[in-house]
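If you want the building blocks of each chain, they are given just below.
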Amino acid sequence: MILKLKNGSSGLESQVLAALRQSVAEVDPNIPVLHASNMERSVALSFGDFREDRNLFALFAGIALFLAVIGIYGVMSYFVNARTHEIGVRVALGALPRDVLELIGGLGLKLSAIGVALGAGLAIALTRFISKSLYGVKPTDPLTYVLVAITLTVVALLACFIPARRAVKVDPMVALRHE
């Protein structure tokens, strides 16, 4: 017999518990009923650690992604500032905005590919430490690695967009006079 009790029905729960103890005592008085719980509470207790781990991993992943975006933006912004004179010369010699975008975007893509490759290698090496927390996913699941690599590459290219747009707007005369 399965009884489903709604939360907050403690009076009914105590009645059911009393009936359960009485039924067990009738069958064998030497069997004690020490701890009785409803199914919802049992499920909540068994998945509590998993949910906490998942939320903690999600928080750390979000912070890591935010820091990666800030870092990539900072590196690309520094690159554009350091090469303003060169970009100005390229534009003065006839480089199109598309060429400047390819220069900045190509560097950003190359750096992000190196970072994704190193990160994937480290992730594969370190999965044995988190394998107990993975439920329903193999530690070396290729789909997960591909989706993470694509996401990080797209985020890196988006972080390169603002410095690249600023590089496209470089006035060659101002850049050449600057130095």
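Just above, that's the structure.
A brief report on the enclosed structure follows. (Residues numbered from 1 in each chain as written. Predicted model: local features only at pLDDT ≥ 70, side-chain atom pairs only at ≥ 80, totals over all residues. Heavy atoms only, no water.)

1. Remarks on the packing of helix α4 (residues 97-130) against helix α5 (residues 142-168)
Where α4 meets α5, the axes come as close as 8 Å, and the angle between the chain directions of the two elements is 150°. With respect to each other, α4 and α5 are oriented roughly antiparallel. Handedness of the crossing formed by α4 with α5: right-handed. Its residues placed into classes, the contact of α4 with α5 shows 18 nonpolar, five polar and one charged. (Axes fitted to C-alpha atoms, helices over the stretch in contact; angles between N-to-C directions. Helix = DSSP H or I, 4+ residues; strand = E, 2+ residues; numbered from the N terminus. Parallel < 35°, antiparallel > 145°, perpendicular 65-115°, else oblique. Left-handed = near helix turned anticlockwise from the far one by under 90°. Nonpolar A, V, L, I, M, F, W, Y, C, P; charged D, E, K, R; others polar.)

2. Some thoughts on the packing of helix α3 (residues 84-92) against α4
At a minimum axis separation of 10 Å, α3 and α4 run at an interaxial angle of 150°. Our classification of the angle between α3 and α4 gives roughly antiparallel. With respect to the hand of their crossing, α3 and α4 are arranged in right-handed fashion. Counting all contacts with α3, which are made through I87, R90 and V91, the residues of α4 involved are V100, L103 and I104. Residue composition of the contact of α3 with α4, grouped by class: five nonpolar, no polar and one charged. (Contact = heavy atoms within 4.5 Å.)

3. Here's the deal with α5
Here α5 is 27 residues long and its end C-alpha atoms lie 38 Å apart, about the 39 Å a rise of 1.5 Å per residue gives. For α5, the full list of buried residues reads V155, A156, A159, C160, P163, A164 and A167. (Expected span 1.5 Å × (residues − 1). Buried < 20%, exposed > 50% of the residue type's maximum accessible area, 1.4 Å probe, protein only.)

4. Quick look at the nonpolar core
If you look at the biggest cluster of nonpolar residues, it comprises 11 residues: M76, F79, V80, I87, V100, I104, C160, A164, A167, V170 and A175. Those elements that provide at least two residues to this core are α2 (39-82), α4 and α5. Apart from the residues within four sequence positions on either side, I104 is in contact with M76, F79, V80, I87, C160, A164 and A167. (Core = buried A, V, L, I, M, F, W, Y, C linked by side-chain atoms within 4.5 Å.)

Read these as layout, nothing more, since geometry by itself doesn't imply function.
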